[in-house]
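# Report on the structure
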Amino acid sequence: MENKQAKRRIVLVPVPAQGHVTPFMQLGQALSSKGFSITVAQGQFNCVSPPQGFPGFQFVTIPESLPESELKRLGMVEFAIKHNKTNEASFKNCIAQLLLQHGNDISCIIYDESMYSCEAAAREFNIPSVIFTTTSATNHASRCVFSKLNAERFFSDIEGALNHSLMAYHPELKEKVVENLYPLRYKHLLPSGLGPLEPLLELRREVVNKRTASAFIINTSSCLESSSLSWLQQELRIPVYSLGPLHITALASSSLLKQDRSCLEWLNKQKPRSVIYISLGSMAHMETKEVLEMAWGLSNSNQPFLWVTPNGDDGIELFSEELSKMVSERGYIVKWAPQTEVLAHPAVGGFWSHCGWNSTLESIAEGVPMICRPFHGEQKFNAMYIESVWSVGIQLEGEVERGQVERAVKRLIVDEEGACMRERALVLKEKVKASVRAGGSSYNALDELVKYLKTG
Ligand code: UDX
């Protein structure tokens, strides 16, 4: 007979995007290993399809009216706002059904911060709620500072004028380090690459105003972001559990796309630490001109490279005969790779990344130094930490140009500078691995979270 005390149910609500679904499924596995039953409530696209390695998990669909085409049409921020509006009622229905089905045995709703409409159901049914921040602690801290500044009208609400207004009204703030959050400076708080300002401000207001969650979970380790975590603990005044990197202990992959494993065979034929692996995650998009410059730079570097191009149409078909020949001699191109296995492969010497938080954690956990090319959102914080705090990578700034690409690859894979970064990356790898082992900070935080969920 099922022991209800020991096996209480947690409902997880991820944002329907690879970079969010992945850590949610990893959190689900961690909580399942501690005896909780897991229900994953997901939308109609970008879903994990059961029974993909998650035995015992229940998957339910929130019947929502927004199709995937709306994400493409509106962009991430406006989609999130609209998604929450349409989600609220159907999520309540979904929870009502689950309560009937499981005899009220739902201990907590853990939702992605951007799925704030879940709070309405949590309040209505009197179920505790916890926010899971799938990006870094530093990103979360930066949002808190940003929201406060905005409330105090440091920033103008006028669309497009943010940069100006900040500098015009408070020029002294620009280079100032945010108190207790070094190396974060006020200028870094300006949102980048996320479209018009007003919807972003609306989203941030909604996220903060709707928040009644009783705790935060963050996929990070105190050995990576101790100052940001201490800042958050003080600022949020509710428990903050840093459990990461969660992928280290996760058993099943939650890739939404089919991974092309042929690249592992190709890697087997390459020399140790010679390959540069290039992936820009599931959302970033490069212009054709940049793709061409990158292809030339990679080929000219004379290093083997493994390149992920999910869309497959980023300009690769426009390669000249000469470039195609060089690329096929030195490189291997796939649409989607088994990334964690690639990073763990001894042939991989460096990772050219957009610095999504999952990719950053996965690279650190394998001791692989990085070339950072952030695109939008919090990726710039991750790049800043990789280069200036952990010193395990270099940032590529400005336009992508073949000479610059060639130099960056050589710096990372061939030069002494790269060897030093690798040494530091290996030290960091040991620290993050220790944090998830018995007695480590993330391991202990998971135990504390479990206690909290059982008694809360
Ligand atoms: C998004 C945001 O862009 C990112 O900044 C945020 O931190 C999380 O949400 P995404 O762009 O997809 O995520 O990047 P990232 O966080 O790095 O996640 C990508 C995931 O896809 C990783 O877990 C990676 O292992 C996986 N992946 C990537 C593959 O399995 N195969 C690939 O070929 C490429």
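Residues numbered from 1 in each chain as written. Predicted model: local features only at pLDDT ≥ 70, side-chain atom pairs only at ≥ 80, totals over all residues.

Quick look at the overall build of the chain now. Looking only at helices and strands, the chain features 16 helices and 13 strands. Whereas a compact globule of 456 residues would reach a radius of gyration of roughly 23 Å, the chain reaches 22 Å, a difference of no more than 12%. Projected onto its principal axes, the C-alpha positions of the chain cover 65 × 60 × 45 Å. Long-range contacts, defined here as pairs at least 24 residues apart, represent 71% of the contacts in the chain between residues at least 6 apart. (Helix = DSSP H or I, 4+ residues; strand = E, 2+ residues; numbered from the N terminus. Rg over C-alpha atoms; globule rule 2.2 N^0.38 Å. Contact = placed C-beta atoms within 7 Å.)

On to the pairing of strand β5 (residues 129–133), then. In terms of burial, β5 is a largely internal element, five of the five residues being buried. Across the two faces of β5 the burial is the same, with Ser129, Ile131 and Thr133 and Val130 and Phe132 all buried. As paired strands, strand β4 (residues 106–112) and β5 are joined by four bridges and run parallel to one another. Bridge pairing in β5 links tyrosine 111 to isoleucine 131. Handedness of the crossover is the feature at issue here: the chain leaves β4, passes through helix α3 (residues 118–124), returns alongside β5, and the resulting connection is right-handed. (Buried ≥ 20, exposed ≤ 12 C-beta atoms within 10 Å, placed from the backbone. Pairing = 2+ DSSP bridges. Right-handed = clockwise from strand over helix to strand, strands pointing away.)

Gly19, Gly281, Gln339, Gly356 and Ser359 are the nearest of the 27 residues found near the ligand. Only α1 (18–33), α11 (339–344) and α12 (357–365) provide two or more residues apiece to the shell around the ligand. Looking at the shell around the ligand residue by residue, the classes come out as seven nonpolar, 18 polar and two charged. Looking at which domains feed residues into the shell around the ligand, each of domain 1 (4–134 + 210–253 + 435–455) and domain 3 (262–414) supplies at least three. (Near = placed C-beta within 6 Å. Nonpolar A, V, L, I, M, F, W, Y, C, P; charged D, E, K, R; others polar. Domains from an automatic or database assignment.)

Now for the sheet that holds strand β11 (residues 348–353). Spatially, β10-β9-β8-β11-β12-β13 is the arrangement adopted by the six strands of the open sheet, whose pairing is parallel. Each edge of the open sheet carries a strand with a single partner, namely β10 (331–334) and β13 (393–395). Strand-to-strand twist of the sheet, defined as the mean angle between neighbouring strand axes without regard to direction, takes the value 15 degrees. When β11 meets strand β12 (residues 370–372), the two strands line up parallel, connected through three bridges. Within β12, the position partnered with tryptophan 352 by the bridge is isoleucine 371. (Axes fitted to C-alpha atoms, helices over the stretch in contact; angles between N-to-C directions.)

Next up on the list: the confidence of the model for the chain. Mean pLDDT over the chain: 89, with 92% of residues reaching 70 or higher. The low-confidence segment residues 157–162 (pLDDT under 50) makes 12 contacts with residues lying over four places distant or belonging to another chain. With a pTM of 0.94, the predicted complex shows an ipTM of 0.98. (pLDDT = per-residue confidence, 0-100.)

Let's shift gears to helix α13 (residues 379–389). For α13, the complete set of buried residues consists of Gln379, Lys380, Phe381, Asn382, Ala383, Tyr385 and Ile386. Following α13 by one or two positions, serine 391 adopts a phi angle in the positive range, close to 55 degrees.

Our focus in this paragraph is unusual backbone geometry. The omega torsion across tyrosine 182 and proline 183 is 10 degrees, close enough to zero to call that bond cis. Mapped onto the elements, proline 183 comes out in the loop between α5 (162–169) and α6 (197–209). Despite not being glycine, asparagine 180 has its phi angle at roughly 65 degrees, a positive value. Phi angles above zero are rare outside glycine, and serine 391 is one such case at about 55 degrees. Positionally, serine 391 belongs in the loop between α13 and β13.

This brings us to the packing of helix α7 (residues 222–236) against helix α15 (residues 416–436). Relative to each other, α7 and α15 sit at 80 degrees, their axes nearing to 11 Å. With respect to their mutual orientation, α7 and α15 come out roughly perpendicular. Counting all contacts with α7, which are made through Ser222, Cys223 and Leu224, the residues of α15 involved are Lys431, Val432 and Ser435. Residue composition of the contact of α7 with α15, by class: three nonpolar, two polar and one charged. (Parallel < 35°, antiparallel > 145°, perpendicular 65-115°, else oblique.)

Three- or four-residue spacings in an α-helix give side chains the same orientation, since the helix completes a turn every 3.6 residues. The terminal C-alpha atoms of helix α9 (residues 288–300), which comprises 13 residues, lie 18 Å apart, in line with the 18 Å expected from a rise of 1.5 Å per residue. Every buried residue of α9 is accounted for by Val291, Leu292, Glu293, Met294, Ala295, Trp296, Gly297, Leu298 and Ser299. Elements in contact with the buried residues of α9: β9 (305–308), α10 (321–330), β10 and α14 (402–413). Backbone geometry just after α9 places asparagine 302 at a positive phi near 65 degrees. (Expected span 1.5 Å × (residues − 1).)

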